[in-house]
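Descriptive structure summary
Chain by chain, the residues:
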Amino acid sequence: MRILKAEQAHVEGIVRVCSEGNRTTYADLYPADYIEQIIQQFYTKERILGEVTHTGKEWGGYIVAVDGDEVVGACGGGMIAKDASELYVMYLDPVRKNEGIGTKLLEAFTKQQVEYGAKKLWVSVQEGNHEGIPFYEAKGFAFSHKQKGYGSEEAEKYTSLRYWKNI
């Protein structure tokens, strides 16, 4: 397995992993039509291609876990302040969980963000996400506060849990 910054060849794999991961992660938390709205907003080939080719401190690009030629995990985020970063997205192929892939992706992302000057790393986890919450807590993230969703009326019905850690 290789962990690397995503390239154009990884776009379809990122779309697949993030779409399937989103459906699996949120199946019991969100209505199916809302999940599909999110996927159509954030995980289209066109959007992912742009996010793979245009990167910088505010969006470091996707980091992918590749097994053979298959993308089995993806994450990304960027700097949100002079010394703080946020992991915006991390999904794994649903059949590849509990193999250490998420840990390797988080380590690579953290290293990237430290190079950008981050000293603190933030992440939002949907309240009720019984896979994400224990993962981040096991990685040393501490709960900070609850925050309403944003971006649409539907999103505002849900609550995110904000976690952070020093890096």
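See the structure printed just above.
**Things to note about helix H2 (residues 32-42)**
Since there are 3.6 residues in each turn of an α-helix, residues three or four apart along the chain are aligned in direction. For H2, the full list of buried residues reads Tyr34, Ile35, Ile38 and Ile39. One face of H2 carries all of its buried residues, which in axial projection span an arc of 140 degrees. Residues of H2 that are exposed and angled more than 90 degrees away from the buried face: Ala32, Asp33 and Gln40. Residues of H2 that are buried in the fold lie against helix H1 (11-26).

**So, the pairing of strand S3 (residues 70-81)**
The element S3 is extensively covered by neighbouring structure, given that nine of its 12 residues are classed as buried. Where strand S2 (residues 63-67) meets S3, five bridges bridge the pair, whose relative direction is antiparallel. Across the sheet, the residue bridging to Ile63 is Cys75, located in S3. The loop that links S2 with its antiparallel partner S3 comprises two residues; one of these, Gly68, has a positive phi angle of about 70 degrees. Pairing between S3 and strand S4 (residues 84-92): eight bridges, direction antiparallel. Bridging across to S4, Gly77 finds its partner in Leu87. Two successive antiparallel strands, S3 and S4, enclose a turn made up of two residues.

**A word on the sheet that holds strand S6 (residues 142-148)**
Taken together, the seven strands give an open sheet; going across it, the order is S1-S2-S3-S4-S5-S7-S6, and neighbouring strands pair in mixed fashion. With partners counted over all chains shown, the strands left at the sheet margins are strand S1 (2-5) and S6, one partner each. Across the sheet, the mean angle separating the axes of adjacent strands is 25 degrees when strand polarity is ignored. The pairing of S1 with S2 spans four bridges and is classified as antiparallel. Looking at the pairing, Ile3 lines up with Ala65 of S2. Against the sheet, H1 contacts S2, S3, S4 and strand S5 (120-126), and its axis sits at roughly 85 degrees relative to S3. Docked against the sheet, helix H4 (residues 101-115) engages S1, S2, S3, S4 and S5, running at close to 35 degrees with respect to S3.

Conventions adopted
- Residues numbered from 1 in each chain as written.
- Predicted model: local features only at pLDDT ≥ 70, side-chain atom pairs only at ≥ 80, totals over all residues.
- Heavy atoms only, no water.
- Buried < 20%, exposed > 50% of the residue type's maximum accessible area, 1.4 Å probe, protein only.
- Helix = DSSP H or I, 4+ residues; strand = E, 2+ residues; numbered from the N terminus.
- Arc of directions from axis to C-beta.
- Contact = heavy atoms within 4.5 Å.
- Pairing = 2+ DSSP bridges.
- Axes fitted to C-alpha atoms, helices over the stretch in contact; angles between N-to-C directions.

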